[in-house]
Every structure is written in structure tokens, then in C-alpha cells.
Amino acid sequence: MLVFSMALLTSCFEDDIELDLNDQGLNVVTLERVATNLTAEANGNEYTFDVKIKVVGPTVMDLTNDVSVTFSVDDASTAVDGVHYRINNNPLTLTADNNYLGLLSITLITVGNTPPLEGTPEFDDWDAPLLFLSIAATGDEMVTGSGKGANFTLNFTAPNPYKGIYDTEMRYFHPTAGGSHPTFDPFDPNDPYGGVRFEQKELIAVTGRKCETGFAVWGTTDLCWITVNPDNSIKFEVGDTWNYDVKTGDPTDAGHVPYFDPADGAIYMYYYYTGSGGDRIFWEIFTPTF
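These lines cover the structure that appears in this document, whether it is placed above or below. Keep in mind the model is a prediction, meaning the values are calculated, not measured.

## Thoughts on the sheet that holds strand 9 (residues 143-145)
Whenever strands of a sheet pair, they do so through backbone hydrogen bonds, lying parallel or antiparallel.
Right, so step 1: With mixed pairing, 5 strands are arranged side by side in an open sheet as 5-7-3-1-9. Lying at the two open borders of the sheet, with one neighbouring strand each, are strand 5 (85-87) and strand 9. Sheet twist, expressed as the mean angle between neighbouring strand axes with direction ignored, is 30°.
Right, so step 2: The sheet contact formed by strand 1 (residues 27-31) and strand 3 (residues 46-56) spans 4 bridges and is antiparallel. Within strand 3, the position partnered with Val 29 by the bridge is Val 55.

## Some points on unusual backbone geometry
Right, so step 1: Backbone torsion omega between Asn 90 and Pro 91 reads 5°, so that peptide bond is classified as cis.
Right, so step 2: Looking at the element boundaries, Pro 91 is found in the loop between strand 5 and strand 6 (92-94).
Right, so step 3: Omega for the peptide link from Asp 185 to Pro 186 comes to 10°, which places this bond in the cis form.
Right, so step 4: Along the chain, the position of Pro 186 falls in the loop between strand 11 (164-173) and strand 12 (197-205).

## Description of the environment of Leu 94
Right, so step 1: In this fold, Leu 94 is placed in strand 6.
Right, so step 2: In this structure Leu 94 comes out as buried when scored by relative accessible area, which is 0%.
Right, so step 3: Separated by 43 residues in sequence, Leu 94 and Ala 137 have C-alpha atoms that sit 9.9 Å apart.

Criteria and cut-off values
Residues numbered from 1 in each chain as written. Predicted model: local features only at pLDDT ≥ 70, side-chain atom pairs only at ≥ 80, totals over all residues. Heavy atoms only, no water. Pairing = 2+ DSSP bridges. Helix = DSSP H or I, 4+ residues; strand = E, 2+ residues; numbered from the N terminus. Axes fitted to C-alpha atoms, helices over the stretch in contact; angles between N-to-C directions. Buried < 20%, exposed > 50% of the residue type's maximum accessible area, 1.4 Å probe, protein only.

Written out as C-alpha cells, the structure reads:
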């Protein structure tokens, strides 16, 4: 009973401490996102990113003093100051006039930081540099640094020769909604569902070989990724927002496989998915404008 009473007393004492701390109304300085990816093409240029920082807490509206925020690099970081990055405003000041909002400015240095290309043994062993920052705050006793800190992944990408604006020509063959279809006899390849569609798409570099763009005719809502392999074959991925299983190729013609043509820089895409009534088949040609 004595041990139980002492444990109960200790528990109540700890609860009282937590209540006292809550009553103090401490506010914290924190970044808008605890973990952030900073991505830059390693082409010799420097790229500066502004990361939002703010004071949050129960009494932030009552603060009047300026808050000085200082960042220190944790030992777990693999990124090296002056080699991979530079912090441009350490420390920085948050003020009441600006609602205790600010921007942490980080510059990525790409000279000497080009990663290996996909498809090489070096790429499998390469890891993006990591920057872990601790946050300290002074200037107001009601403000403290966030205990969570800030984590940055410095995603250097190799220069991507496939990125840019392309003219696209698409044939979308639907088995039941109109137009011709490869399973029909006769089949007219120039009479796809909705007609031959011409537009422009931008391939945005993700890595040295991988690009992001809009998927099929739903590019405003769904994304896909095209990776040109070392042998000029294509790896094709579609975002999780698309509910069907998209496969490469043409189920009616084994000769239709996606590939990159180094002679003219064109990308030939063949892919399909199965819906009610049969396979929706796509032939799409990307012709570079650059």
C-alpha cells in the first residue's frame, strides 16, 4: 500500500508539471514541413529555395518581441556546408509585424555534385545528401525551438537530355465508344476514337533519365513517368490516382513496344489498359521541339 501510494503521488506530481507547462502557453518555432525534398539539376548552377518558417502556439497572438532563430547542423547530416548547400540567413528574425512568419533561404550548390545515371552500378550505391537542422529561438521567453528540427533531402539530378516541350500525336483506340480498333476487321489506324489528337506536352526532368508528364488524354488530373533506359527502351509508370492497371505495349501487335529513337530524339509510346468491353490501346509519338 505504501508503494502504491508513493506511485500515485508521483503520477499526480508529473501530471501537475504537464499542466503547469500547458498553462505557461509556450510557443514553438517550426518549419511548415518537417521533412522537405530540395531538387536541382546538377548543371553547374546554384539554386535557392525559400522554406516557410513560423511561430505556432496558444499565445502567439500575445507576443510582441522579435524572435531570433538559429539553425545548427546535426551530426547525422551527410550534406556538407559549402559543398552541397549554403544557408543564406542564419540566424533569421521573426517579427510581430510579419505575424512571426519568415523564410529560411537555402542554396543548393550543384558544381561537383552530379549523381550517376540510372542503369549504372554507381547509381545503385548513390544516396542523396541529407541535411538535419536543429532549431533554437531567443528573444522571448514564451518561444522555444521546435523539438522536431528540420530534415532536408538534397536531390541532385543528372542533366536530363530528354526534358523539354514535345509535339505529340496520339491515337486512342476504344473497343466500344467509336472509331476503329485493332481487333476490328478491317482495322483503320487513322480512325481512332476521337480522331488523331495533336497537342504539346512537357517532359519535366525527375532524374537524369526519368521525366514526368501528363498521362494520355487525362494529363490535367493524372501523371505518368517516362524513363529512357540505357538501351533506349522505355520504362513507363502511371500515378496512383489512375485506377486501372496500365501496361506497356500493344496486346494486338507484339512489335509495338515503347522506345526512344536517338536519330531524331522522338519517343514512341505504346500502352494500354483493360476496361469494360476490352482493351483501350494508345499509340503516342513525342517529337521534340528543341
